[in-house]
Structures are given as structure tokens and as C-alpha cells.
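Inside the fold
Listed below, chain by chain, are the residues.
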Amino acid sequence: MEKQSTFTVTSSVFADGQPIPQSAAFHGMGCTGDNQSPDLRWSGAPAGTKSYALTIWDPDAPTGVGFVHWVLFNIPASVASLDAGAGGQKGANVGATPGTSDFGMTEYGGPCPPPGDPPHHYHLVVYALGVEKLDGLDHTTSYAKFKFMSREHVLASAEIVGTYARPS
């Protein structure tokens, strides 16, 4: 799999390398955001794309392995965007399959770094897949299992990285 320069993902609420707004931050565990997934748009997927998947991962979380905030796969190839808040709906309202985040839930879970930490980096990746469905995966699927089971089907990926620090 190569990262295609023509395959891109964007959001109207944050740009690559820029802060993620409070509206997208987690609500709970001491965080006071709205936990609304950002709107997303992607374009330029390679020929042969039959479905999409997306993940959000924070490598800066103090766990040794980072922290996964959202796993969503089996997004139909006809879908090239998600509205703000789609992460709170089963299958993001597009017929996709949600996996399980490190919060232990299938919905989007926004940024919530520990108090006093410098800004964390949230890697939002959209994957163009060469299969319509990833077989054998369901709502209990973890990020690790998704990455393992999708590895041979990824045609390209597009990424934006947002930052977030807990307000003091």
C-alpha cells in the first residue's frame, strides 16, 4: 500500500496540524467537550476502491501503545463524506460497521488527554479498500484486529492529524 498524494481527507472544523475544536472533544473522564465527531470529506481514491474505513489514533496517550478513539469500516464506496456527529450513530448512518474503541464503545470518542499534558496528536486515517466488506469483523472488532484483517486490502490511505490539549 502506498499513500496516494491524490487521495485526501479534510474537515471543515480542523486542518492538518491544527487544533481540534472543543465540540469534538470527549465528554466524560474529566473532559467537557461535546463529543461530536468532525465532518469529514475524502476524494481521489484509487481505481478499484470498493469500500472505505477510518480510524482515529492518539500515539501520545500514556499507555505505551497509544489510544484508539474511533474504528469504522465497511463504509460503502459510494460514500465520500460523513456529517458532523455521524460518529454517534450506529454505522455513522451510512451502513458502515463500527468497531470498538479503547473507550470500550462503538461510537466516536473525542480527544481527552490527561490534565497538564502537552497537545496530543490525533491521526485520522481514511483507508481505501479493495473489498466491499471485511469478512469476519463486527462491532467487537478492535483497532489491532481491524489493522490485521485489512492489511492485504488497503489500496491507499489519506490522513490528517489534529492536535488537542485539555483546557486548563
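This text gives an overview of the structure that appears in the document. Since this is a predicted model, take the numbers as computed values, not measurements. (Residues numbered from 1 in each chain as written. Predicted model: local features only at pLDDT ≥ 70, side-chain atom pairs only at ≥ 80, totals over all residues. Heavy atoms only, no water.)

Scanning the protein for helices and strands turns up one helix and 10 strands. Of the regular secondary structure in the protein, the N- to C-terminal order runs β-β-β-β-β-β-β-β-β-α-β. The C-alpha radius of gyration computed for the protein amounts to 15 Å, which stays within 12% of the reference 15 Å derived for 168 residues, consistent with globular compactness. Along the first, second and third principal axes, the C-alpha atoms of the protein reach 45 × 30 × 30 Å. A burial count over the protein gives 46% of its 168 residues as buried. Within the protein, contacts between residues at least 6 apart in sequence are counted, and of these 76% link residues at least 24 apart. Carbon and sulfur atoms provide 52% of the accessible area of the protein, an area that totals close to 7,900 Å². (Helix = DSSP H or I, 4+ residues; strand = E, 2+ residues; numbered from the N terminus. Rg over C-alpha atoms; globule rule 2.2 N^0.38 Å. Buried < 20%, exposed > 50% of the residue type's maximum accessible area, 1.4 Å probe, protein only. Contact = heavy atoms within 4.5 Å. Areas by Shrake-Rupley, 256 points an atom, 1.4 Å probe, with all protein chains shown as cover.)

Before going further, it helps to examine the sheet that holds strand β8 (residues 97–98). Taken together, five strands build an open sheet; the order of strands is β8-β6-β5-β9-β10 and the sheet is antiparallel. The open sheet has two edge strands, β8 and β10 (154–164), and neither has a second partner. (Pairing = 2+ DSSP bridges.)

Pairing is antiparallel across the open sheet formed by three strands, whose spatial order is β1-β4-β7. Of all the strands in the sheet, the pair left with one neighbour each is β1 (8–10) and β7 (81–82). The pairing of β1 with strand β4 (residues 40–43) spans three bridges and is antiparallel. Across the sheet, residue V9 finds its bridge partner in β4, namely W42.

Time to look at the side chain of S101. Residue placement: S101 occurs in the loop between β8 and β9 (120–129). In this structure S101 comes out as buried when scored by relative accessible area, which is 5%. At a separation of 3.1 Å, a polar atom in the side chain of S101 contacts the main-chain amide nitrogen of F103. When near neighbours in sequence (up to four residues on either side) are disregarded, S101 contacts V68, H69, W70 and E107. (Polar contact = N/O pair within 3.5 Å; in protein donor to acceptor, adjacent residues only side chain to side chain.)

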